[in-house]
Amino acid sequence: MQPFTLNVIKIIQSIPRGKVMTYGQIAKAAGSNRAARQVVRILHSMSEKYQLPWHRVVNASGKLTIPTEEGKVLQKQLLQNEGIVFEKDDQLSLKRYMYDPIEFWEE
DNA sequence: TGCTTGACATGGG
DNA sequence: CCCCATGCCAAGC
């Protein structure tokens, strides 16, 4: 496994309750700013094994991008359980809920 | 080894 | 705001 992959896993595990991160952010934080698609794959194949909070990962627009309707509904419910409120059907406010680890370094 | 596959991102029309 | 093309790169086959 590549170090990048491991980083992605750790980062996703570090997302706190009630917060979300975008694929691009995670990829960048893991060391490759253009590897959003690898994050996708990792979520696909490792979310079970590593118990990743996959539902806290959304796209750059702050929308749910699960292909199936059931998956989308499930993710939405999981996020709502954590206190996140949706503006529209599958749209949430990134301004409010986006988790940026940079807070730790710069604050 | 080489080609295909994505739950993405970004920019242009 | 929606749709499309293109870039990207590790994992699977």
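Every chain's residues receive numbers from 1 upward, in the order its sequence appears when written. Here every chain gets a letter starting at A, and every ligand a number starting at 1, in the order they are written. The predicted nature of this model means local features are confined to residues of pLDDT at least 70 and side-chain atom pairs, given and counted, to a pLDDT of 80 or more, with totals for whole chains, interfaces and linings taken over all residues. Computation of side-chain values: all heavy atoms of the structure, hydrogens and water removed.

- The name recorded for chain A in an unreviewed UniProt entry is DNA methyltransferase, from Niallia nealsonii.

## Quick word on the pattern of salt bridges
Next up, step 1: Note on definitions: salt bridges are taken to be side-chain nitrogens of Lys or Arg within 4 Å of carboxyl oxygens of Asp or Glu. Using the criterion set out here, one finds 4 salt bridges in the structure.
Next up, step 2: A salt bridge links Glu 82 to Arg 56; the nearest nitrogen and oxygen atoms lie 2.7 Å apart. Residue Glu 82 is found in the loop between helix 4 (69-81) and helix 5 (94-97), and its partner Arg 56 is found in the loop between helix 3 (36-46) and strand 2 (57-58); the two are separated by 26 residues along the sequence.
Next up, step 3: Remark: exposure states derive from per-residue accessible area (1.4 Å probe, protein chains only) relative to the maximum for the residue type, with buried under 20%, exposed over 50%, and partly exposed in between. Residue class for Glu 82 comes out buried when judged on its relative accessible area of 14%.
Next up, step 4: With a shortest N-O distance of 4.0 Å, Glu 69 and Lys 72 are connected by a salt bridge. Secondary structure elements follow DSSP: runs of H or I no shorter than four residues count as helices, runs of E no shorter than two count as strands, and numbering proceeds from the N terminus.

## Some words on the protein's contact with DNA strand C
Next up, step 1: DNA strand C sits among Gln 2, Thr 5, Arg 34, Arg 37, Gln 38 and Arg 41.
Next up, step 2: Counting only the atoms of DNA strand C that lie within 4 Å of the protein, the sugar and phosphate share comes to 67%.
Next up, step 3: The term polar contact refers here to a pair of N or O atoms within 3.5 Å; inside protein, the definition further demands a hydrogen-donor-capable atom paired with an acceptor-capable atom, and it admits residues adjacent in sequence only when both atoms are side-chain atoms. In the environment of DNA strand C, a phosphate oxygen lies 3.2 Å from a nitrogen or oxygen atom belonging to the side chain of Thr 5.
Next up, step 4: No other element matches the 3 residues that helix 3 contributes to the surface near DNA strand C.
Next up, step 5: Classification convention: Asp, Glu, Lys, Arg as charged; Ala, Val, Leu, Ile, Met, Phe, Trp, Tyr, Cys, Pro as nonpolar; all other residues, Gly among them, as polar. The class makeup of the residues in the surface near DNA strand C is no nonpolar, 3 polar and 3 charged. It suffices for a single heavy atom of a residue to lie within 4 Å of a molecule or strand for the residue to be listed as near it.

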